[in-house]
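Given next are the chains, with one letter for each unit.
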Amino acid sequence: MLFNSFHFFFFFIIVTAVYFFIQHKSRWAWLLLASCYFYMAFVPAYILILAFTIIVDYYAGIFIEKTTGKKRKTYLILSLITNIGILCFFKYFNFFNDNLTSLLGFVNVQNPVPALNILLPIGLSFHTFQAMSYTIEVYRGNQRAEKHFGIYALYVMFYPQLVAGPIERPQNLLHQFREKHSFDIDRLSAGVKLMVWGLFKKLVIADRLAIYVNNTYNYYDQSSGIALLIATFFFSFQVYCDFSGYSDIAIGAAKVMGYDLMANFRRPNFSQSTAEFWKRWHISLSTWFKDYLYFPLGGNKVAKKRRYLNLMIVFLISGLWHGANWTFVIWGALNGLFIVFAIVT
């Protein structure tokens, strides 16, 4: 179900109306049911994948909190392997297998492993990172393990941010599902305005720019240099309005019901440096990489060369996270080099 569809329009009205009509103690169940329906509108069978990871991570969190020593780390590792393994299988199997086929082709060896005809479950990258943040925070002692299975399931299934973020931390969102939210006309107004603004950015700006960009890129050999430059310039705004528009709709939809999701974009195109840009672009993702990858690698509390290496690792993996293609890896590498160059100079 796409945010810019009539299906979602009626879904949102019905879900919100019932949410405020029923008693507080039943709202988590209603939202979980609605979120499952929202996700199953894409490929119904893929709900089983999320159900499997939800069960694994729910019990992993409890076992991490109850145990001590090496057992805690073992449960964390099992949880991470499960989530990363499923993501890698659906998103990266064919990418790595195709590259293996190309490498073996240089020595005239046929790859015995065939490509798989599988469709990437929508939002799996976001779901995986949000689920991983939960078990990591429990392991670090920053979050108590959630004993209510339904509440935990809602945390990783909450429909506004299920397929495109923001990627929430458990300490920011879990407690909100237990708080009673009364109907507030001011929150309704603010939330709807944000949703309309998000739709405007998506439908009026991003989708219109996409027409010119796609036509130019698809026929690049017939386009002038000026046309390609204009298309590249438009593409940057297309991506921003597309992605931030979806975030605005998600944040606005949650706000109407009384939930506060983190800001995901803060006018990144007005940044004065690459480092500042990444503090204002896709904030929930960039802070995720900072908290769960950059800092564990040593962050900036290491020798200069190791710090530069840490930054390159983060941006290379970030590029791969965005898409299973070498163009995304190169894009990540370039951004990493820009950051390192800014530090050096």
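If you're wondering where the values come from, they're calculated on a predicted model, not measured in any experiment. (Residues numbered from 1 in each chain as written. Predicted model: local features only at pLDDT ≥ 70, side-chain atom pairs only at ≥ 80, totals over all residues. Heavy atoms only, no water.)

Colleague: How do you make sense of helix α1 (residues 6–21) when you look at a structure like this?
Modeller: One full turn of an α-helix is made of 3.6 residues, so residues set three or four places apart face in the same direction. The terminal C-alpha atoms of α1 lie 23 Å apart, and with 16 residues this matches the ideal 22 Å at 1.5 Å per residue to within 8%. Taken as a whole, α1 has its buried residues at F8, F11, F12, V15, T16, Y19 and F20. Relative to the axis of α1, the buried residues are bounded by an arc of 140° and lie together on one face. Among the exposed residues of α1, those oriented more than 90 degrees off its buried face are F6, I14 and F21. Buried residues along α1 sit against α2 (24–40), α8 (185–218) and α9 (225–256). (Helix = DSSP H or I, 4+ residues; strand = E, 2+ residues; numbered from the N terminus. Expected span 1.5 Å × (residues − 1). Buried < 20%, exposed > 50% of the residue type's maximum accessible area, 1.4 Å probe, protein only. Arc of directions from axis to C-beta. Contact = heavy atoms within 4.5 Å.)

Colleague: How should the layout of surface pockets be read in this particular structure?
Modeller: Over the atoms rolls a probe the size of a water molecule, and its path tells where empty space is left. By volume, the largest pocket is sized at about 1400 Å³. In terms of lining, the largest pocket is formed by 39 residues, of which the most central are V239, F243, W281, H322 and F328. Counting residues per element, the ones that place at least two in the lining of the largest pocket are α5 (124–140), α9, α10 (274–280), α12 (304–322) and α13 (326–344). Residue contributions to the lining of the largest pocket peak at eight residues, all from α9. Tallied by class, residues from the lining of the largest pocket come to 24 nonpolar, 12 polar and three charged. Forming the walls of the second largest pocket are 21 residues, and the residues nearest its centre are W278, K279, K290, L311 and F315. Within the residue set of the lining of the second largest pocket, elements represented by two or more residues are α10, α11 (283–294), α12 and α13. The element that contributes the greatest number of residues to the lining of the second largest pocket is α11, accounting for seven residues. Taken together, the residues that form the lining of the second largest pocket break down as 12 nonpolar, six polar and three charged. (1 Å grid on protein atoms, 1.4 Å probe; cavity = no way out; pocket = protein on both sides within 12 Å on 5 of 7 lines; lining within 4 Å. Points joined across faces, edges and corners; volume = space filled by probe spheres on them. Nonpolar A, V, L, I, M, F, W, Y, C, P; charged D, E, K, R; others polar.)

Colleague: Honestly, the nonpolar core in this entry has me stumped. Any pointers?
Modeller: Soluble, globular proteins show a tendency: their nonpolar side chains are buried together. Core analysis: the largest hydrophobic core is formed by 88 residues, its most contacted members being F8, F38, M157, F158 and Y159. Take this core: its biggest share by element is 10 residues, from α9. (Core = buried A, V, L, I, M, F, W, Y, C linked by side-chain atoms within 4.5 Å.)

Colleague: Looking at this model, I keep getting lost on the packing of α5 against α11. Mind explaining?
Modeller: When two helices pack together, their arrangement is given by the angle between the helix axes and by the axis-to-axis distance. Two numbers describe how α5 lies on α11: the axes approach to 12 Å, and their chain directions differ by 35°. For the element pair α5 and α11, the recorded crossing hand is left-handed. Residues F129, M132, S133, I136, E137 and R140 of α5 lie in contact with α11, whose contacting residues are L285, W288, F289, D291 and Y292. Residue composition of the contact of α5 with α11, grouped by class: seven nonpolar, one polar and three charged. (Axes fitted to C-alpha atoms, helices over the stretch in contact; angles between N-to-C directions. Left-handed = near helix turned anticlockwise from the far one by under 90°.)

Fair warning: the whole summary comes from geometry, so function is off the table for now.
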